[in-house]
Structures are given as C-alpha cells and as structure tokens.
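Now for the letters of each chain:
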Amino acid sequence: ARVPTIATMVPRGAFTWITNRIKPHLSIPVVTTNRINDPLQAEAILANGDADMVSMARPFLADPYLMQKAQDGNEDQINTCIGCNQACLDHVFKRMICSCLVNPKACHETEFEKTQSNTPKKLAVIGAGPAGISFAIEAKKLGHDVIIYEAKNQIGGQFNIAKQIPGKEEFHQTIRYFKTMLELLAIPVKLNTTVDTEYLKNSSYDEFIFSTGIIPRTPEIKGIDHPKVLSYPEVLFDKKEVGESVAIIGAGGIGFDMAEFLAHNPNHKPTSLDKEAFLKEWGIDTEYNSPGALAKKEGAPSFRKIYLIQRKETKHGKNLGKTTGWIHRQSITDKGVIMLGGVNYESIDDNGLHINHIGKSQCLKVDNIVICAGQTSENKLYKEFSDQDSRKCHLIGGAEMAMEIDAKRAIDQGIRLAYSL
C-alpha cells in the first residue's frame, strides 16, 4: 500500500473508523487494529463502540507485562511501543530474529535468565542517554549499586531530539518510561553534573560505564563558520531561528528528521497527532468513493523552501528503516523538499551555499545552512580516565560507535553489558 498503516508517524488508532463503520452490519465480533499501543487508548476505542475487541502485537514485544501492569493500575511502568519497526518488522524483512528497539530481550529471553549478580558492584554511569539508562536499570535489577551523572538538565540523550520531530512524538513515552523506572528503582541521577578525571579517580566506584554520546561532525567547507550556518543541536536544542529558505547538508536519518521538522508549520498540529489531517495528507477516502479508497492527497506544503543535500549519488536516506524509509522519503517529497545528490560543497558566504551539482556550479540562495553531516564519538573523558586508572571502564552507545545514531544498538548494548558483569 502507498499509505502508512503502522509506522510511528501514523496517529494512534488511525484506522478504527473502518471497524466502526462495518460493525453495525455484522452479527459477529469485530476486531480493530493498527497503531494501538496503550491500554487506556484501547479501552476508549471499545467505549466508543469502534470495535468489540482490540488487537495489539508490537506492544507486547515492547512490554510482555503490558496487561498485568494495566490491571494493577501501573500504566506509567509500561515500556510503550514507539512504532519504529526497527527491530521487529525491519528484522523480519531481512530474515533476522524479530525483537524490539525499546526491549531487546524480546525473542531473546533465554539470553537474559540471570536474576541476580553473584558479585554486586558499585557502578558509575556517565551519561543519561538510552545506552546509559538501559544499563543502569538492568544493573540495578541485578543487584548492583548504580548512580548516573548527566551534564545536561534532562535525561534521554538523542531521544530529546527525536521527540521533537513531527511523527516521532512517541519517543516521549520511552523517556517517560525511563524516568519512571529510575524513580521506582531509586537510582540516583545527578543532572547538570559534569565529572572529570580527577573526580572519578577520587571516587570509590568499582567500575565505570561511559555513555557520553556523540558530537555533531562539522564538514570542512570554506565559510563553515558563517553566521548562516547552524548545527542540528542549535536548531533543536538551542531553538536558533531558521529563515524561510534552508539547505540541509547531510541526507541520513538526522537530515531527514531536520527536513520534516523545518517543513512543518509550527502553528499547526503534526498530522501524527491529528487523524483527520493524516487521512487527507495520505489521500485516504473514508467514504470509499474512490477505487481502493485512495483519493487525491491534500497534505500541507512545506513551511519553508528546503534543499536536502548529500555528497553521495545513492538514494537519499538509503540506510533508513527497511519498512519505514519509503514513508520518510514520500513525506518530504510530497511537501516539496528538493533532494540533491552527488553534490560538492564549494563555499558558504552572504549569498548562500555554493555547490557543484552534476558538473555545474551554482549558488543556493538560502537564509540558513543546517549541518546534519554525521557525528563523532564523545569519548575524551573515557580515554583520559582509563589511561590513568586501573579500574575497569566500559564504553557504550554513541560514545563507542557514532555511525548513524543507533538507539537499537545502544539500548541492546547497555542491557547486555549489565548482564555480563
């Protein structure tokens, strides 16, 4: 189908209107499905008369105890499915074992049978991103004494970028789950706290886990320090103002997210949170007047003129999710984002971004250039400290490998490290 049905940018319960319409005409129970990931939402669907039963699949990969937690009134402890497909459907389509990004234990349960460590340790985690938090939660459950140090004023790391992207609001739920579990397990989290080698050397911890994340990479382009140039953290964290025309350098996952973010009108609700707008955006004919129930798309155009540029001549977003990449490409195409590949960057000045594209030099007269050209590992503290102290140090998440920020790998790595101690 050319219509997204279960990816994270689909509104919750976006297709319950179908069973609502057919239910009065049938004498047998009707089951509704697709993007239903919360027991309270499921109850509301039943109360509204949209169906007799609700089907959920991926939410039970994310949290096999979903129903028990709901029955006990502990909905805040549910590890909510974010609809990313990265470890479930993407794995299945590649003939890999199905699992879950937010719960790597799914379908690998026999690899995590240990319930308590034989040698409880005092552990310091530096960095409260997905890798560090996942490690801390599992290590605490296994009986270790854990503390987290975080330089910023909030936990979540790169998830705090993802949650701002239209269509990725579900990442709020993972951060909410992390917060709940840290509080429930009484794991101390020292926010706004920067530790250095001297502090760690004078501490009494048995081992150290460095999950200090990544640093955005700055490409070598003449004029890269021009005021027009912004990094993606400056746009998403620092809220730097962006003009009406933008060139995004880098067409990987962050580049696509930035294009979606900048194309969205901030005064309008994202279609991922507005069922009617979503149906119009993708041309879904709820009256079945068109063949296949597919009508003309009525999505909003881009809020800005946007160029999404890469050096590579390959397809933009080549490494996006196998079952969701087409949706991201189609979404920004429908919004009118201009995608250019095989580009050489010549310079940046008051006029804009000077490039060579298909052998021709031209200037993209844009207000801003946003850099989304990859990242490097932030592991300076790890290198300094591990060189000076004999205690065991571990490097996980983006701090260990920064290629294509990978939450699936980071969370899995954190959990597995906890079980290996």
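Residue positions are counted from 1 within each chain, in the order its sequence is given. Per-residue local features of the predicted model are confined to residues with pLDDT of at least 70, and side-chain atom pairs are confined, for both listing and counting, to 80 or more; whole-chain, interface and lining totals are unaffected and use all residues. Excluding hydrogens and water, the side-chain figures rest on all heavy atoms present in the structure.

*Asks:* In this structure, what is going on with the overall build of the protein chain? I would like to understand it.
*Replies:* Scanning the protein chain from terminus to terminus reveals 15 helices and 17 strands. Based on C-alpha atoms, the radius of gyration is set beside the globule rule, defined as 2.2 Å times the residue count to the power 0.38. The C-alpha atoms of the protein chain give 23 Å as radius of gyration, which agrees with the globular expectation for 421 residues (22 Å, within 12%). Based on the C-alpha atoms only, the size of the protein chain along its principal axes is roughly 70 × 65 × 40 Å. When burial is assessed residue by residue, the protein chain has 52% of its 421 residues classed as buried. Within the protein chain, residue pairs in contact and separated by at least 24 positions form 68% of the contacts whose partners lie at least 6 positions apart. Surface accessibility follows the Shrake-Rupley procedure with a 1.4 Å probe radius. Residue values consider only the protein chains on display as shielding. By element, 50% of the accessible surface of the protein chain is carried by carbon and sulfur atoms, the whole surface being about 20400 Å². A helix here means a DSSP run of H or I that spans at least four residues, while a strand means a run of E at least two residues long, and both kinds are numbered starting from the N terminus. Burial classes: relative accessible area under 20% of the type maximum marks a residue as buried, over 50% as exposed, and values in between as partly exposed (1.4 Å probe, protein chains only). Contacts are residue-level and defined by heavy atoms, with any inter-residue pair within 4.5 Å sufficient.

*Asks:* Which parts of the structure should I look at to understand a positive patch on the surface?
*Replies:* Residues Lys-94, Lys-312, Lys-315, Lys-318 and Lys-322 make up a contiguous surface patch of positive charge. Take Lys-315: it is sitting in the loop between β10 (305–309) and α13 (325–334). Under the relative-accessibility criterion, Lys-315 is labelled exposed at 52%. Like charges within 9 Å and nonpolar side chains (Val, Leu, Ile, Met, Phe, Trp, Tyr) within 5 Å are joined into patches, using only residues over 30% in relative accessible area that form no salt bridge. Any Lys or Arg side-chain nitrogen found within 4 Å of a carboxyl oxygen on Asp or Glu counts as a salt bridge. Neither His nor the chain termini are counted; the positive set is Lys and Arg, and the negative set is Asp and Glu. Taken as the charge centre is NZ of Lys, CZ of Arg, CG of Asp or CD of Glu, depending on the residue.

*Asks:* So what exactly am I meant to see when it comes to the packing of helix α11 (residues 253–263) against α13 here?
*Replies:* Axis lines are fitted through C-alpha atoms, for helices just across the contact stretch, and the angle between N-to-C directions can take any value from 0 to 180 degrees. Running from N to C, α11 and α13 point in directions that differ by 40 degrees, and their axes come no closer than 10 Å. The two elements α11 and α13 meet at a crossing, and its hand is left-handed. Across the interface between the two elements, Phe-256, Ala-259 and Glu-260 from α11 touch His-328, Arg-329, Ser-331 and Ile-332 from α13. Under the convention adopted here, Pro, Cys and the residues Ala, Val, Leu, Ile, Met, Phe, Trp and Tyr are nonpolar, Asp, Glu, Lys and Arg are charged, and Gly plus all remaining residues are polar. Grouping the amino acids of the contact of α11 with α13 by side-chain chemistry returns three nonpolar, two polar and two charged. In this scheme the handedness of a crossing depends on how the near helix is turned from the far one: anticlockwise by less than a right angle means left-handed, clockwise means right-handed.

*Asks:* Before we go on, may I ask you to explain the pattern of salt bridges in this structure?
*Replies:* Side-chain pairs of opposite charge can arise whenever the charged atoms involved come near each other. In total, this model carries 16 salt bridges according to the counting rule given. With a shortest N-O distance of 3.4 Å, Lys-240 and Glu-234 are connected by a salt bridge. We classify Lys-240 as partly exposed; its relative accessible area is 41%. Of the residues examined, Glu-234 reaches a relative accessible area of 24% and is grouped as partly exposed.

*Asks:* So what exactly am I meant to see when it comes to the sheet that holds β10 here?
*Replies:* Hydrogen bonds between backbone groups are what pair the strands of a sheet, and the pairing can be parallel or antiparallel. Being paired, for any two strands, means DSSP has found at least two bridges between them. Strands sit in the order β8-β15-β9-β10-β11 across an open sheet of five strands; the sheet is parallel. Edge positions in the open sheet fall to β8 (229–231) and β11 (338–340), since each of these has one partner strand only. Adjacent strand axes in the sheet meet at a mean angle of 25 degrees, parallel and antiparallel pairs treated alike. Relative to β10, strand β9 (residues 245–249) runs parallel, the two sharing five bridges.

*Asks:* Would you mind going over the pairing of strand β15 (residues 368–371) with me for this structure?
*Replies:* Residues in a regular strand project their side chains so that they alternate between the two faces of the sheet. In β15, alternate side chains face the same way, and those of Asn-368 and Val-370 on one face and Ile-369 and Ile-371 on the other are all buried. Pairing analysis gives three bridges linking β8 to β15, with the strands arranged parallel. From the neighbouring strand, Ser-231 faces β15, where its bridge partner is Ile-371. Sheet topology places β9 next to β15; four bridges connect them, and they run parallel.

*Asks:* What should I look at first to understand the nonpolar core in this one?
*Replies:* One recurring pattern in soluble globular proteins is that nonpolar side chains are buried together. In this text, buried Ala, Val, Leu, Ile, Met, Phe, Trp, Tyr and Cys residues form a nonpolar core when linked through side-chain atoms within 4.5 Å. With 44 residues, the main nonpolar core has Leu-101 and Phe-135 as its most contacted residues. Elements represented by at least two residues in this core include exactly α3 (58–62), β3 (122–126), α6 (130–141), β4 (145–149), α7 (159–162), α8 (171–184) and α15 (407–420). In contact with Phe-135, not counting residues within four places along its chain, are Leu-123, Val-125, Ile-209, Ile-396, Gly-414, Ile-415, Leu-417, Ala-418 and Leu-421. The next biggest cluster of nonpolar side chains, apart from the first, holds 25 residues, and it includes Ile-165, Leu-236, Val-242 and Phe-256.

*Asks:* Looking at this structure, how should I read a nonpolar patch on the surface?
*Replies:* Judged by side-chain polarity, Ile-22, Leu-26 and Ile-28 come together as a nonpolar surface patch covering roughly 270 Å² of accessible area. Residue position: Leu-26 is located in the loop between α1 (16–22) and β1 (31–32).

*Asks:* In this structure, what is going on with the packing of aromatic side chains? I would like to understand it.
*Replies:* For any pair of aromatic rings, geometry is given as the distance between the ring centres together with the angle between the planes. Working definition: a ring pair exists when centres of Phe, Tyr or Trp rings (six-membered ring for Trp) sit within 6.5 Å. Plane angles under 30 degrees give stacked, over 60 give edge-to-face, the rest tilted. Inspection of every chain in the model, using the stated rule, returns twelve aromatic pairs. Aromatic pair Phe-112 and Tyr-419: ring centres 5.1 Å apart, planes at 80 degrees, arrangement edge-to-face. Of the two residues, Phe-112 sits in the loop between α5 (89–93) and β3 while Tyr-419 sits in helix α15, which places them 307 residues apart along the sequence. Accessibility expressed as a relative area gives 15% for Tyr-419, which makes it buried. Between the aromatic rings of Tyr-149 and Tyr-199, the centroid separation amounts to 5.7 Å while the plane-to-plane angle is 80 degrees, which identifies the pairing as edge-to-face. Placement of Tyr-149 in strand β4 and of Tyr-199 in helix α9 (residues 197–201) is noted, with a sequence separation of 50 residues between them. The exposure class assigned to Tyr-199 is partly exposed, which follows from its relative accessible area of 40%.

*Asks:* Help me out: how do you make sense of α8 in this one?
*Replies:* Every α-helix winds through 3.6 residues per turn, so residues three or four apart in the chain are directed the same way. In this analysis, the expected span of each helix is defined as 1.5 Å times one less than the number of residues it contains. Helix length check: α8, at 14 residues, gives a terminal C-alpha distance of 20 Å against a target of 20 Å (1.5 Å per residue), a fit within 8%. Along α8, the positions that sit buried rather than exposed are Phe-171, Thr-174, Ile-175, Tyr-177, Phe-178, Thr-180, Met-181 and Leu-182. Looking one or two places after α8, you find Ala-186, whose phi comes out positive at around 55 degrees.

*Asks:* Mind showing me how you'd approach the packing of α6 against α15 here?
*Replies:* Helix packing geometry: the angle between the two helix axes and the distance between the axes. Running from N to C, α6 and α15 point in directions that differ by 30 degrees, and their axes come no closer than 7 Å. Classed by the angle they form, the pair α6 and α15 counts as roughly parallel. Seen along the crossing, α6 lies across α15 with a hand that is right-handed. For the pair formed by α6 and α15, the contact residues are Pro-130, Ala-131, Ser-134, Phe-135, Glu-138 and Ala-139 on the first element and Ala-410, Ile-411, Gly-414, Ile-415, Leu-417, Ala-418 and Tyr-419 on the second. Note on terminology: angles under 35 degrees are roughly parallel, angles over 145 are roughly antiparallel, angles of 65 to 115 are roughly perpendicular, and the others are oblique.

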